[in-house]
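# Chains, contacts and geometry: an overview
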Amino acid sequence: MKLIFATNNAHKAEEIRSVLKGDIQVITLKEAGIDLEIPEPYDSLEENARSKSTTIFAMTGINCFSEDTGLEVAALGGEPGVKSARYAGEGRSFDANIDKLLARLEGVTDRKARFRTVISLFIDGRETQFEGICEGRITEKRKGENGFGYDPVFVPDGAALSFAEMDMAGKNKFSHRKKATEKLVAFLNSLS
Ligand code: ITT
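This write-up is about the structure you can find in this document.

Conventions and cut-offs
- Residues numbered from 1 in each chain as written.
- Predicted model: local features only at pLDDT ≥ 70, side-chain atom pairs only at ≥ 80, totals over all residues.
- Heavy atoms only, no water.
- Near = heavy atom within 4 Å.
- Polar contact = N/O pair within 3.5 Å; in protein donor to acceptor, adjacent residues only side chain to side chain.
- Helix = DSSP H or I, 4+ residues; strand = E, 2+ residues; numbered from the N terminus.
- Nonpolar A, V, L, I, M, F, W, Y, C, P; charged D, E, K, R; others polar.
- Expected span 1.5 Å × (residues − 1).
- Buried < 20%, exposed > 50% of the residue type's maximum accessible area, 1.4 Å probe, protein only.
- Arc of directions from axis to C-beta.
- Contact = heavy atoms within 4.5 Å.
- Axes fitted to C-alpha atoms, helices over the stretch in contact; angles between N-to-C directions.
- Parallel < 35°, antiparallel > 145°, perpendicular 65-115°, else oblique.
- Left-handed = near helix turned anticlockwise from the far one by under 90°.
- Phe/Tyr/Trp six-rings, centres within 6.5 Å; stacked < 30°, edge-to-face > 60°.
- Lys NZ or Arg CZ within 6 Å of the ring centre and 35° of its normal.

This brings us to the site of the ligand. Taken together, 20 residues form the shell around the ligand, and within it Thr7, Glu40, Lys52, Arg92 and Asp151 come nearest. Within the contact set of the ligand, an oxygen atom lies 3.0 Å away from a side-chain nitrogen or oxygen of Asn9. The contact in question runs from a nitrogen atom of the ligand to an N or O atom on the side chain of Asp151, over 2.6 Å. Those elements that place two or more of their residues in the shell around the ligand are strand E3 (64-73) and helix H5 (176-191). Residues belonging to the shell around the ligand are distributed by class as follows: five nonpolar, seven polar and eight charged.

Time to look at the environment of Asp43. Inspection of the secondary structure assignment puts Asp43 in the loop between strand E2 (25-28) and helix H2 (45-60). Linking Asp43 and Glu31, residues 12 residues apart in sequence, is a C-alpha distance of 29 Å.

Here we take up H5. The end-to-end C-alpha separation of H5 is 23 Å, in line with the 22 Å expected for 16 residues at 1.5 Å each. Every buried residue of H5 is listed here: His176, Arg177, Ala180, Thr181, Leu184, Phe187 and Leu188. Viewed end-on, H5 has its buried residues packed into an arc of 120 degrees, placing them on one side of the element. Where H5 is buried, its residues touch strand E1 (2-5), helix H1 (10-19), E3, strand E5 (112-123), strand E6 (126-138) and helix H4 (168-172).

Their axes nearest at 9 Å, the elements H1 and H5 cross at an angle of 50 degrees. Taken together, H1 and H5 sit at an angle that is classed as oblique. The way H1 lies across H5 gives a crossing that is right-handed. The residues of H5 that touch H1, namely those facing Lys12, Glu15, Ile16 and Val19, are Arg177, Lys178, Thr181 and Glu182.

Take the packing of aromatic side chains next. The geometry of an aromatic ring pair is captured by two quantities: the separation of the ring centres and the angle between the planes. The final tally for this structure, using the stated rule, is seven aromatic pairs. An aromatic cluster of three or more residues is present, and its members are Phe115, Phe154 and Phe163. Geometry around Tyr87 places Lys100 over its ring, the cationic atom sitting 4.4 Å from the centre. Note that Lys171 overlies the ring of Phe163, its terminal NZ or CZ placed 5.0 Å from the centroid.

Another point: the side chain of Ser51. Relative to the helices and strands, Ser51 is located in helix H2. Exposure remark for Ser51: the relative accessible area of 12% places this residue in the buried category. A distance of 3.4 Å separates the side chain of Ser51 from the backbone oxygen of Pro39, its partner in a polar contact.

Locating Ser120 in the fold gives a position in strand E5. At 2.7 Å, the side chain of Ser120 and the side chain of Ser53 are in polar contact. Leaving out residues up to four positions away in the same chain, Ser120 has contacts with Ala49, Arg50, Ser53, Cys64, Phe65, Ser66, Glu127, Thr128 and Gln129.

Here it is, written out as structure tokens:
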């Protein structure tokens, strides 16, 4: 089966490919020759994920999926949440986003946070969504060089290392994205 993954984020594509095996061939927007920043105008991960998959399906007519992910910090009322990519502004800088997050949490003892991924699959004209959650906490400072986004300041529950101190296999033991992707795979397998 061939699916377009409606993303411009190469890290996401790498992580999802590490979970998908054999039969499911994933093509990113870049690989499909589509140069488009898909708008994410909504207040929920669910609506933004749907917007990305339906936009690309309408353009290509090819079955596709997208995902929207947010970091939800309890002490900040769920922020940055749906605004995770642009938390510190339109520059979408991972570094500036982390700086803002650590500044907001200065002196705050409740560091509880979670990543939430919503995958929107658009297949044969019908949409289905899959959710993956990883609970954890925000560190006081950056640790590690791997991964992307907020990985240097997020330690999942049950781990001593931040996501950025783990390799792909390590992150996949806890990852929100892996959990959502496994549900996607199970659904696709149930179709065939
Ligand atoms: P798309 O093209 O798929 O929309 P994006 O980077 O804009 O890519 P999102 O809208 O889902 O993706 O933005 C979520 C942001 O949250 C992303 O830019 C990262 O900063 C952060 N993020 C998402 N998944 C993450 C992960 O696994 N680890 C760390 N940070 C993550």
